[in-house]
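Chain by chain, the residues:
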Amino acid sequence: EPEAERRVSHYVDPVTALLRVEVKRGRNIMNLDDDGGSDPYCEVALVDPKGVRPEQTQATHYIDDATDPEWDRAFNFIVAKPYVDHLVLRVYDYDGATSFDDLIGMAKIPIHELDVYKGTKRPPDERWITLVDKEGNDRNKDGEVYGDVCVRAYLDEEYFEHLHGGNATAEVGRMTVDVLRATDLPKDTTTFAVVKMGPYWTRLPSVENSSKPAWKQRLRYPVFEPAARCTVALFEGTASSCKFLGRVKLQLSTMEDGVRYAGSFQLMARDPSSGEIKKTCKLECGMQFNYKNGGSLVARKYLEPTLPDKWYFSPMSDEEKERMIKAHKNMIVERMKHSSPPVNETVSKELLEFSKHEVNIGSIKSSIARIQRLTAGFDKIGSGLTYALSWESIPATALTQCYIVYLIYKPNMFMPSLLCLVALYSLALFPSRYGRVLQRMEADEWLSQGLPFPPPTEEEERRKKEAEEERKRKEEEEEEARKKAEEEEKKLAKLEGDAEKNRADREKRLEEKKKKREAEEKKRKEAEERANAPKEAFNWESINPLASLQKQMDEVFAMITMSQNILDEAASCAERVAGILSWEEPRVTAGVLVVILALAWALVYVEIVTRFFIKIVLGVVVKTIFKIVSPATIKFGISCGVLFALRHPAILPDEQTRIQMEARKRAEREAALAKEAALEAAGGDEEEEEEEAAVVAAPPPPPAPSAILDPRPLPPLNVFFRMPTQSDRLL
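All values reported here derive from a predicted model rather than from experimental measurement. (Residues numbered from 1 in each chain as written. Predicted model: local features only at pLDDT ≥ 70, side-chain atom pairs only at ≥ 80, totals over all residues. Heavy atoms only, no water.)

1. Focus: the overall build of the protein
- In terms of regular secondary structure, the protein is built from 16 helices and 21 strands.
- Within the protein, the fraction of its 731 residues that count as buried is 35%.
- Total accessible area computed for the protein in this model is approximately 44,800 Å², and 57% of it derives from carbon and sulfur atoms. (Helix = DSSP H or I, 4+ residues; strand = E, 2+ residues; numbered from the N terminus. Buried < 20%, exposed > 50% of the residue type's maximum accessible area, 1.4 Å probe, protein only. Areas by Shrake-Rupley, 256 points an atom, 1.4 Å probe, with all protein chains shown as cover.)

2. Describing unusual backbone geometry
- Proline 82 follows lysine 81 through a cis peptide bond whose omega is -5 degrees.
- Here proline 82 is to be found in the loop between strand E6 (70-80) and strand E7 (86-93).
- Positive phi values are uncommon outside glycine, yet lysine 216 reaches one of about 50 degrees.
- For lysine 216, a relative accessible area of 60% gives the class exposed.

3. Things to note about the nonpolar core
- Within the largest apolar cluster, 42 residues are counted, with the highest numbers of intra-cluster contacts made by Met175, Trp215 and Met287.
- In terms of residue count, the dominant contributor to this core is strand E20 (residues 277-291) (6 residues).
- Discounting residues that sit within four places of it in the chain, methionine 175 has contacts with Met197, Leu219, Arg220, Tyr221, Val223, Cys230, Leu252, Met255, Met287, Gln288 and Phe289.
- Counting 29 residues, the second-largest nonpolar core is a separate cluster that includes Phe77, Leu87, Val91 and Val151. (Core = buried A, V, L, I, M, F, W, Y, C linked by side-chain atoms within 4.5 Å. Contact = heavy atoms within 4.5 Å.)

4. Details of the sheet that holds strand E19 (residues 260-270)
- Taken together, the 4 strands give an open sheet; going across it, the order is E16-E12-E20-E19, and neighbouring strands pair in antiparallel fashion. Since the sheet does not close on itself, it has two edges, and those belong to strand E16 (214-223) and E19, each with one partner. Direction aside, neighbouring strands of the sheet carry axes that sit 25 degrees apart on average.
- Strands E19 and E20 of the sheet are contacted by helix H8 (residues 433-441), whose axis makes an angle of about 35 degrees with E19. (Pairing = 2+ DSSP bridges. Axes fitted to C-alpha atoms, helices over the stretch in contact; angles between N-to-C directions.)

5. A word on helix H7 (residues 414-429)
- Spanning 16 residues, H7 covers 23 Å between terminal C-alpha atoms, matching the ideal 22 Å at 1.5 Å per step.
- Within the sequence span of H7, burial applies to Pro416, Ser417, Leu419, Ala423 and Ser426. (Expected span 1.5 Å × (residues − 1).)

6. Quick look at a nonpolar patch on the surface
- A cluster of nonpolar side chains, namely Leu389, Ile404, Val405, Ile408 and Tyr409, defines an oily patch on the protein surface of about 550 Å² accessible area.
- For the nonpolar patch, the element with the highest residue contribution is helix H6 (residues 394-409), accounting for 4 residues.
- Residue position: leucine 389 is located in helix H5 (residues 361-389). (Patch = residues over 30% accessible without salt bridge, like charges linked within 9 Å, V, L, I, M, F, W, Y side chains within 5 Å. Salt bridge = Lys/Arg side-chain N within 4 Å of Asp/Glu carboxyl O.)

7. Focus on the side chain of serine 253
- On the secondary structure map, serine 253 appears in the loop between strand E18 (242-251) and E19.
- For serine 253, a relative accessible area of 0% translates into the label buried.
- In terms of polar contacts, serine 253 uses its side chain to reach the backbone carbonyl oxygen of arginine 722, at 2.8 Å.
- In contact with serine 253, not counting residues within four places along its chain, are Pro226, Ala227, Tyr302, Glu584, Glu585, Pro586, Arg587, Arg722, Met723 and Pro724. (Polar contact = N/O pair within 3.5 Å; in protein donor to acceptor, adjacent residues only side chain to side chain.)

8. Concerning the sheet that holds strand E4 (residues 56-59)
- If you walk across this open sheet you meet the 4 strands as E4-E3-E7-E8, and the pairing is antiparallel. Of all the strands in the sheet, the pair left with one neighbour each is E4 and strand E8 (102-110). On average, each strand axis in the sheet is tilted by 20 degrees relative to the strand beside it, whichever way the strands run.
- Summarising the sheet, strand E3 (residues 40-47) and E4 pair through 4 bridges and their orientation is antiparallel.

9. Re the side chain of threonine 16
- Mapped onto the fold, threonine 16 is located in strand E2 (residues 16-27).
- Setting aside its immediate chain neighbours within four residues, threonine 16 contacts Ile78, Val79, Ala80, Glu157, Phe160, His164, His328 and Met331.

10. Thoughts on the packing of aromatic side chains
- Counted according to the given criterion, the structure contains 14 aromatic pairs.
- Where tyrosine 200 meets tyrosine 221, the ring centres are 6.5 Å apart and the plane angle is 25 degrees; that geometry is what we call stacked. Of this pair, tyrosine 200 sits in strand E14 (residues 200-203) while tyrosine 221 is found in strand E16, placing the two residues 21 residues apart along the sequence.
- The class for tyrosine 200 is partly exposed, based on a relative accessible area of 22%.
- Since its relative accessible area comes to 4%, tyrosine 221 is described here as buried.
- In this structure an aromatic cluster arises from ring pairing among Tyr159, Phe160 and Trp311.
- Over the aromatic face of tyrosine 117 sits the side chain of lysine 310, whose NZ or CZ is 4.0 Å from the ring centroid.
- Here lysine 349 stacks its cationic end above the ring of phenylalanine 354, 4.7 Å away from the centre of that ring. (Phe/Tyr/Trp six-rings, centres within 6.5 Å; stacked < 30°, edge-to-face > 60°. Lys NZ or Arg CZ within 6 Å of the ring centre and 35° of its normal.)

Given below as C-alpha cells:
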C-alpha cells in the first residue's frame, strides 16, 4: 500500500514464550530390526501448519537394541502469540549411514494446548504420549503398537518477558520523543524515520524528494523499564529498499525527571564497502522522561533484577541463551517484514542491534578501544599530580604542599580528606552533565572505528616524532651499556654453565617422561569418554563435505561471537565503575556521594571516639582497676572462667545440655524396646533380627537441603547493571 508509507504507523514486539520439551523415555517401542530391538531416537520439531516457516528440529541420541529407551534430553524453542504452531515428536529406528532411518511413529500436539508454567515452583508433570502413524493409527496391520513416549512439554511466558517489555501493568513513567526535521542532506531524496522505545516501534511518514525533510511529530510511550533505550533512526529509500543514515540513541537511566534533552545531532553511518564511518546529515529531535508518582516506582524498579527470576533459578548455558535471544530477534524481523507497511529487514536489524549476534571484528576492536580510553584516565590523574607539584600554578602547588604538611602532622585525616576530595571532584563535574548527555546521544565516530581517541593533528605528529627520536637515541645508549655489561656477565657465567647445563638436561628428560605419561593418560581418558558418550543419530549432512565445513564455520563464528560479547561486557562493567562519580546515572552518583561524605564524617567521628576511649577509659579506668584488684587476681579469674567454659558436659550441665542428655537416653530406651519387640515378633536368624531392629531404631533421614542463597543479584548490583555505557554509541 503506497499510502501506508505516508502516514504514521505503530508496531509492538510480539509476546514471546519459551517452549521447553523434555524427552524422558520410551515404552514398548516397536521393533523394526531382526535382533533384540530397534535403535530408537526421538526427533522434536516445531512445525508451522501453513508451511510458511521452515521446521525447527532437534533430536536425541539413539540407543542400541532398546524397546524401553532412556533418553532424558531437553530442548528449547521460542514461540510467540498467537500460538499456531504444532509440536511434532517423531521416533525413528536408526539404520546407520547406509540407508534412511525408518519412522516408527509420531505424535502431534498443538502448542496452544500445552500447560503454561508460572512461578519458580515445580513445572508441569510428565505425561505419556502414544505414537501413531501418518493415518493416525496407534497399531500397524499386525496389531502391534508403535509405543509411547514420556514427555514434559510446557510454555513459559515469564522466561523472556524482559525481551518484549516485561510486565505491561507496571508503568513507571512516560517518555516523550519529538522528531522535528533532518538537515544537511547532500541531495533531494526520500527519507523516513523510525522510533523504537522499548517494545514499541513507530514509523514516521516518508518525505519524498527533499533535502530538508520535516516531520514535526511528538510521540509518547509508556515506560516499564527505567533502563530501556530510546532510538530515533533515519533511513533513505522506501519500505522495500532503504539505506541507514544514522541514529540518535539514549538510555533512559541517564535522564533526569522532567528534563528535555534536545538539539541538532550529527548522524553517521558505516560505509559497507570501505568500513569507514561517514557523516551523512543532522537530525533535530528531543527526548523527555517523566517519572510516575514522583519517582518512587522508578526507585523500586531499580532495586529489582534486570532479568526475570527464572533466568537465575533455572539458568541456561551461555550458548543456549545466545541462541534463544538471536531466535527472538529473528522472529521480530520476520513479523515486521510482513506488517503493513512492511518494515525492511535493514531497519529491524539496525534497531535490534543484530550485529551483536554475528561475527563482527569491529566490535572487538571497539571494546578494546573503550578499555584503552578508560585506562587513559589514570594518565590524567598522573598528569594532574605532576601539575600540582610542578609550580606551573603557584597557588595550586602551594595548597598541595600545605596539604602534605597537614597530613604529616595529622595522618589520621588522610582517608577523610581523600574522600572529601573525591566528592568535590564529582560535584565539579555536575554542571557539565547536560552537555555530556547530549554528546552521548550521538554515535562515537572514533570508538566505532576501534580508536580510543581522535587521530593526532600534524603538529602533534611532529612533536611525537621528535620525542620518539629522542627516546630511540637514549635507548641506543642504554643498549650499548647493557651489551658491555652482558659480555662481562657471560665470561663469569661460562665457568658455572657446565654444571648447570647437566642439571638442566636431567630435569628436561624427567619433564619429557612426565609429559609423555600425561599424554598417554589423557588419550586413554578421551577414548573412554568417546566409548561412553551418547551415540548421536546419523544425518546425511555428516557425509556432505560442504555441510560439514559449514557446521565447522558456524562453530567458529559462535566462538568469536561469544568472545566479542565477553569483551563488550568487560568494557561495559569498567565504564559503569568509572561512571559512578561522573554523573552518567545521576541517581547513582548522588547516592554514592552521600555515602562517601557520611563515611568521611564517620571516620572523623570514630577517630575522636577512639582517642577519647584511649585517653579516658584506658588511662583512668584501667589504672583504677589495677589499684583495686591486683593483676594476679585478674589472671586467676580469667583462668577459672576459661576452664569453666571448656568443662566436660557432665559437670554442672546447663539447661540445654541437660535436655539433650535426656533426649539421648530416651532414644536409647526406645531403641532397646524396639529391638526386643522385633526379637519377640520374628523367630528367624539372630543376625537378621538384629539388623531389622537396627533399621527400625534408625532415625529418619534428614530432609533435602533447600536453596539457602538467593541466586538473584543484590539490589546494589541491579542498580549498577542499569547504568549506561559507551556501547550505545557504537555503529
